[in-house]
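The primary structure of each chain is shown beneath.
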Amino acid sequence: SLSSDTRPVAGMRENTPRVHALTNARIVPEPGKEIARGTIVIRDGRIEAVGANEKVPADARVWDLDGLTVYAGLIEPYAQIGLPKDGFKKGSASHWNPLVHPEFRVQETYRPTEDELKGLRALGFTAALAVPKAGAFRGQSVLVGLGKTDISSALIRGSVAQHLAFERKSWRDQVYPGSLMGSIALMRQMFVDANWYREASQFAAKSKSPRPEHNISFEQLASAAQGLKPVVFESNNVLNHLRAIKIAKEFGLQAWIRGQGDEYRELPRLIGSGATLLLPLDFPDKPPVASLDDELNVSLARLQHWESAPTNPRQLHEADVPFVLTSSVLKVRNKFPDRLREAIAEGLPEDVALAALTTRTARLLGVERELGSIEKGKRAHLVVSKGKLFDKGRKIRQVWVDGDPFDVEVKAKVDPEGSWDVVLDPNTDSRMELILELSGDPASLKGTFTRDSTKVSLDDLTLDLSRLSATFKGDSLGMPGVFRAVVDVSDERLEGRVIDSAGVQTAL
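Okay, so let's go over this structure. Starting afresh in each chain, residues are numbered from 1 along the sequence in its written order. In keeping with the predicted nature of the model, local features appear solely for residues at pLDDT of at least 70, side-chain atom pairs appear and are counted solely at 80 or more, and the whole-chain, interface and lining totals rest on all residues. Computation of side-chain values covers all heavy atoms of the structure but excludes hydrogens and water.

## Some words on the overall build of the chain
Condition: Counting from the N terminus, the helices are DSSP H or I runs at least four residues long and the strands are E runs at least two residues long. Accessible area is worked out with a 1.4 Å probe on protein chains only. A residue is then buried under 20% of its type maximum, exposed over 50%, and partly exposed in between. Two residues form a contact once any of their heavy atoms are found within 4.5 Å. In short, Shrake-Rupley with a 1.4 Å probe defines the accessible areas, and a residue's cover is counted only from the protein chains shown. Lys and Arg are tallied as positive, Asp and Glu as negative. Neither His nor the chain termini are counted. Every charge is mapped onto a representative atom, which is NZ of Lys, CZ of Arg, CG of Asp or CD of Glu.
Helices and strands together make up the secondary structure of the chain, namely 13 helices and 27 strands. Considering only C-alpha atoms, the chain reaches an extent of 95 × 70 × 45 Å along its principal axes. Out of the 508 residues belonging to the chain, those deemed buried represent 49%. Pairs at least 24 residues apart make up 59% of the contacts formed inside the chain by residues separated by at least 6 positions. As presented, the chain carries roughly 25400 Å² of accessible surface, and 48% of it is formed by carbon and sulfur atoms. For the chain, the distance from the average site of its 67 positive side-chain charges to the average site of its 68 negative ones is 7 Å.

## So, the pairing of strand β22 (residues 454-457)
Using the following cut-off: At least two bridges found by DSSP between two strands is the condition for calling them paired.
Note that strand β21 (residues 446-451) and β22 share 4 bridges and pair antiparallel. Residue pairing for β22: Phe-449 is matched across the bridge by Val-456. Counting the residues between successive antiparallel strands, the hairpin from β21 to β22 contains 2 residues, one of them, Asp-452, with a positive phi of roughly 55°.

## A few points about helix α6 (residues 238-251)
The line we're drawing: In this analysis, the expected span of each helix is defined as 1.5 Å times one less than the number of residues it contains. The definition of a polar contact used here is a pair of N or O atoms within 3.5 Å, where within protein one atom must be able to donate a hydrogen and the other to accept one, and adjacent residues in sequence count solely through side-chain atom pairs.
Taking 1.5 Å per residue, 14 residues should reach 20 Å; α6 reaches 20 Å between its end C-alpha atoms and fits that length. Buried-residue contacts for α6 involve α4 (180-207), α5 (216-225), β12 (231-234), β13 (255-258), α7 (267-270) and β14 (276-280). Between a side-chain oxygen at the N-terminus of α6 and the backbone nitrogen of Leu-239 the separation is 3.0 Å; the capping residue is Asn-237. Directly beyond the C-terminal end of α6, a positive phi value near 65° is found at Gly-252.

## A few points about the packing of aromatic side chains
Note the following rule: The criterion for an aromatic pair is that two Phe, Tyr or Trp rings (for Trp, the six-membered ring) have centres within 6.5 Å, with stacked assigned to planes under 30 degrees apart, edge-to-face to planes over 60 apart and tilted to the rest. Both a distance and an angle decide whether a charge sits over a ring: NZ of Lys or CZ of Arg must be within 6 Å of the ring centre and within 35 degrees of the ring normal.
Under the definition given, this model contains 8 aromatic pairs. Between Phe-125 and Phe-336, the ring centres sit 6.0 Å apart and the planes meet at 45°, which makes this aromatic pair tilted. Note that Phe-125 is positioned in strand β7 (residues 125-130) and Phe-336 in helix α11 (residues 336-345), a separation of 211 residues in sequence. The same class applies to Phe-125 and to Phe-336, which are both buried. Among the aromatic residues, those joined into a ring-pair cluster are Phe-137, Phe-191 and Phe-251. Geometry around Tyr-78 places Arg-258 over its ring, the cationic atom sitting 5.3 Å from the centre. The ring of Phe-323 is capped by Arg-360, whose NZ or CZ atom sits 5.0 Å from the centre of that ring.

## Comments concerning the sheet that holds β22
Threshold: The angle between two axes is taken between their N-to-C directions and runs from 0 to 180 degrees, where each axis is a line fitted to C-alpha atoms and a helix contributes only its stretch in contact.
With respect to topology, 4 strands assemble into an open sheet ordered β19-β20-β21-β22, the strand pairing being antiparallel. Two strands in the sheet have a free side with no partner beyond their single neighbour: β19 (418-424) and β22. Mean inter-strand twist for the sheet, computed between neighbouring axes without regard to direction, equals 25°. Relative to β21, strand β20 (residues 432-439) is paired through 5 bridges, and the arrangement is antiparallel. Each bridged residue has a counterpart across the sheet, and for Leu-438 the counterpart in β21 is Gly-447.

## Section: the side chain of Lys-378
Counting through the fold element by element, Lys-378 comes out in the loop between α13 (359-364) and β16 (382-386). On the accessibility criterion, Lys-378 (9% relative accessible area) is buried. When neighbours within four sequence positions are excluded, Lys-378 is seen to be in contact with Gly-45, Arg-46, Ile-47, Glu-368, Arg-369, Glu-370, Leu-371 and Ser-373.

## Here's the deal with the pattern of salt bridges
Which entries qualify depends on this criterion: Each reported salt bridge corresponds to a side-chain nitrogen of Lys or Arg within 4 Å of a carboxyl oxygen of Asp or Glu.
Inspection of every chain in the model, using the stated rule, returns 26 salt bridges. Of the charged contacts in the structure, one is a salt bridge between Asp-262 and Arg-265, with a shortest N-O distance of 3.8 Å. Within the structure, one salt-bridge network assembled from shared partners comprises Arg-46, Glu-370, Arg-379 and Asp-402.

## Quick look at the pairing of β14
In regular strands, side chains alternate between the two faces of the sheet. With 5 of 5 residues buried, β14 lies mostly within the body of the structure. Of the strand pairs in this sheet, β14 and strand β15 (residues 323-326) are connected by 4 bridges, and their pairing is parallel. In the strand pairing of β15, Leu-278 is matched with Val-324.

## Some remarks on the nonpolar core
The test is simple: Buried Ala, Val, Leu, Ile, Met, Phe, Trp, Tyr and Cys residues that are joined via side-chain atoms within 4.5 Å together make up what is termed a nonpolar core.
Tyr-110, Phe-137, Phe-191, Phe-233, Phe-323 and Leu-340 are the most contacted members of the largest nonpolar core, which has 80 residues in total. In this view, Phe-233 contacts Leu-164, Met-187, Ala-244, Ile-247, Leu-253, Ala-255, Trp-256, Ile-257 and Arg-258; residues no more than four positions away in its chain are not counted. If you look at the next biggest cluster of nonpolar residues, it comprises 26 residues, including Val-414, Leu-458, Met-479 and Ala-485.

## A few points about a nonpolar patch on the surface
Inclusion rule: Every patch collects residues that have over 30% relative accessible area and no salt bridge, joining them within 9 Å if they carry like charges and within 5 Å if they are nonpolar side chains (Val, Leu, Ile, Met, Phe, Trp, Tyr).
A surface patch of nonpolar side chains, about 280 Å² in accessible area, is lined by Leu-300, Leu-303 and Trp-306. Tracing the sequence through the fold places Trp-306 in helix α9 (residues 300-308).

## With respect to the environment of Pro-230
Assignment of secondary structure puts Pro-230 in the loop between α5 and β12. A relative accessible area of 7% means that Pro-230 is categorised as buried. In sequence terms Pro-230 and Ile-151 are 79 residues apart; their C-alpha atoms lie 22 Å from each other. Leaving out residues up to four positions away in the same chain, Pro-230 has contacts with Val-160, Ala-161, Gln-162, Gln-254 and Trp-256.

## Concerning the sheet that holds strand β9 (residues 142-145)
Each strand in a sheet pairs with its neighbour through backbone hydrogen bonds, running either in the same direction (parallel) or in the opposite one (antiparallel). Pairing is mixed in the open sheet, where 4 strands are placed in the order β6-β7-β9-β10. If you trace the sheet from one side to the other, it starts and ends with β6 (74-79) and β10 (155-157), each paired once. On average, adjacent strands in this sheet sit at an angle of 30° to one another, irrespective of strand direction. Where β7 lies against β9, 4 bridges are found, and the strand directions are antiparallel. Paired with Ala-128 across the bridge in β9 is Val-144.

Structure below.
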């Protein structure tokens, strides 16, 4: 961490100078700015200097980043990491409802696993808002660096926001609320009660009359109820967004909404709402329409959402609705870069995308003097990338968290680079002999299929551990249509299948 360790050390104390110079790098200090070739000097976790002609200190360890680009570390505004597995135990002075515990603070129980931290760092995130995940009034989040697992080293800002959700129980649980109407009523009543509790306590202190019975839940909700601390509503559809906005306006709350990706459906009602969206990029997969039966089973609404969801960030940007981006909601978080590229392809400007992961997020979380850009005096949170950060095939080589480097390696079990003899439908009369050529490292493969002298390129080529997948147009190979290849790779052998648009599989 940036602060000195206050714990006693048994034996010799390590005091290695933490001075680094990152040289010869292309530097993007903030969205819209670039240093074609420059140096970043880091001392004791802070950026000491950045520029094109900075001198390398004599005591610095030099990192030659020729051919690489350095960005400010990305900030994840909604990460359910480091949470206790056994839940939260309410005290005797808490609210009577088991779904209400605004006094819970993630900071006090934060214990992330190394895998949680590595997963976020692999995407370029160097800081995250660790948020609670259970209840209607869930508790308070904490902003942490993603380098260390202990909170004393990771803490950037404590008790950032109060978190709410339209959570309710089923009728079998016999716990209030059991409906959406009840959930809304509970939220409104809690803010009424929190304001009453604060005013009654202040009156009692001035008049020396009896204080109201101590209630830590009302006490901890007071600052949010006054609009002094953000309230984050977790919403699973845009109609709940509108309900959250109405509650926020009624009580003068500072509202953030963790969205769901369907905001375009009610865009006019979000404009000027005063709420900031924590926007996920959970775009739906293409609906199955290979056969007539599939087509009849896919609703128009589903087709419209599949078409419109990737345009959602661009539409919000053009409508001037404030938002930052989050990798939450995605079932597979590693798909976040692909989804981000889809949003950019649909019109979201790259600088806006970068700002929504750096400068905007830092400002929203109240740490713009610490994070979000590469500037003198700020924390050394950096991303080192081969290729532009949002380009397909880019590779994040390293992230820096508070001046400490962490290598990012997405290792494949095999390296399939080279030329392979491939036979389609090998045990039939329609067998076809092809040559598969693969080049590049496992994270950025390129490939082609060749039949006789005809060659076609492979698109969307990815290697996940030992499974290779790609799409290709087969017309010039005598295979009309678009195909998907899924291949398991070993050191000496390929085995898999090719699937056409109707779902028919052919052995490979």
